[in-house]
Amino acid sequence: MFDGGPAVRGGRLVRLAAAVACLALASACAQSAPPRVTERQVIGGWRASCGATIEIAADRTFRFTGFPIRLASREAEPERTSGRGTWSLYPGRKGVAPPTLDLDGERSLYSLDYVHDGGKLKLHWSVGDPDEGFHCTFAR
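**Q** What should I look at first to understand the nonpolar core in this one?
**A** Generally speaking, a soluble globular protein has its nonpolar side chains buried in company with each other. Judged by nonpolar contacts, the single largest core of 24 residues is most densely connected at I54, I56, F67, L101, L103, L112 and F138. Every element with two or more residues in this core is listed here: β1 (44–48), β2 (53–56), β3 (61–70), β5 (100–104), β6 (109–117), β7 (120–127) and β8 (134–139). The element contributing the most residues to this core is β7, with 4 residues. Among residues more than four places away in sequence, those in contact with I54 are G44, G45, W46, R63, F64, F67, L103, L112 and F138.

Have a look at this one:
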């Protein structure tokens, strides 16, 4: 049987390698897309690892206590606030920003990231440098 020689076999290998690479990239992109979060999933009480709490109501209002908002220095405890406002689910846009839970307070907008930990939804908030700042993870 004629297999076309080394040049043809080499071309097949290149095409096969390209196809495998495309499949791997498509698979990675599909896995990195976060699952859609619904209103039902965020309504209720949330407590954070940093001591803050958020109550999210079905009427699109929220209230929070002890919510960290500013760092004077990396070593200092963050300035905290309590208050209320309205919330919304930001769906994110391709190439712009990931989906978030947005808390529109009296003077500021706080966008919390979704974290899927073992099938459970958590909310993440950080103050200051994302690598060295102050972090809170909210769970039910």
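**Q** It is not clear to me how the sheet that holds β7 should be interpreted in this structure. Could you clarify?
**A** Each strand in a sheet pairs with another by means of backbone hydrogen bonds, the pair being arranged parallel or else antiparallel. Taken in spatial order, the 8 strands close into a barrel running β1-β2-β3-β4-β5-β6-β7-β8, and their pairing is antiparallel. Direction aside, the axes of adjacent strands within the sheet are offset by 35° on average. Pairing between β2 and β3: 4 bridges, direction antiparallel. Looking at the pairing, E55 lines up with R63 of β3.

**Q** What am I meant to see in the side chain of T100 here?
**A** Within the secondary structure, T100 is located in strand β5. In this structure T100 comes out as buried when scored by relative accessible area, which is 6%. The contacts of T100, once residues within four sequence positions are left out, are S88, L89, Y90, S111, L112, D113 and Y114.

**Q** Quick question: what am I supposed to make of the pattern of salt bridges here?
**A** Oppositely charged side chains can form a pair if their charged atoms are brought close together. What the rule picks out here adds up to 4 salt bridges. Residue R60 pairs with E39 through a salt bridge whose shortest N-O separation is 2.1 Å. One end of the pair, R60, is in the loop between β2 and β3; the other, E39, is in helix α2 (residues 39–42), with 21 residues separating them in the sequence.

Scoring rules and cut-offs
- Residues numbered from 1 in each chain as written.
- Predicted model: local features only at pLDDT ≥ 70, side-chain atom pairs only at ≥ 80, totals over all residues.
- Heavy atoms only, no water.
- Core = buried A, V, L, I, M, F, W, Y, C linked by side-chain atoms within 4.5 Å.
- Buried < 20%, exposed > 50% of the residue type's maximum accessible area, 1.4 Å probe, protein only.
- Helix = DSSP H or I, 4+ residues; strand = E, 2+ residues; numbered from the N terminus.
- Contact = heavy atoms within 4.5 Å.
- Pairing = 2+ DSSP bridges.
- Axes fitted to C-alpha atoms, helices over the stretch in contact; angles between N-to-C directions.
- Salt bridge = Lys/Arg side-chain N within 4 Å of Asp/Glu carboxyl O.

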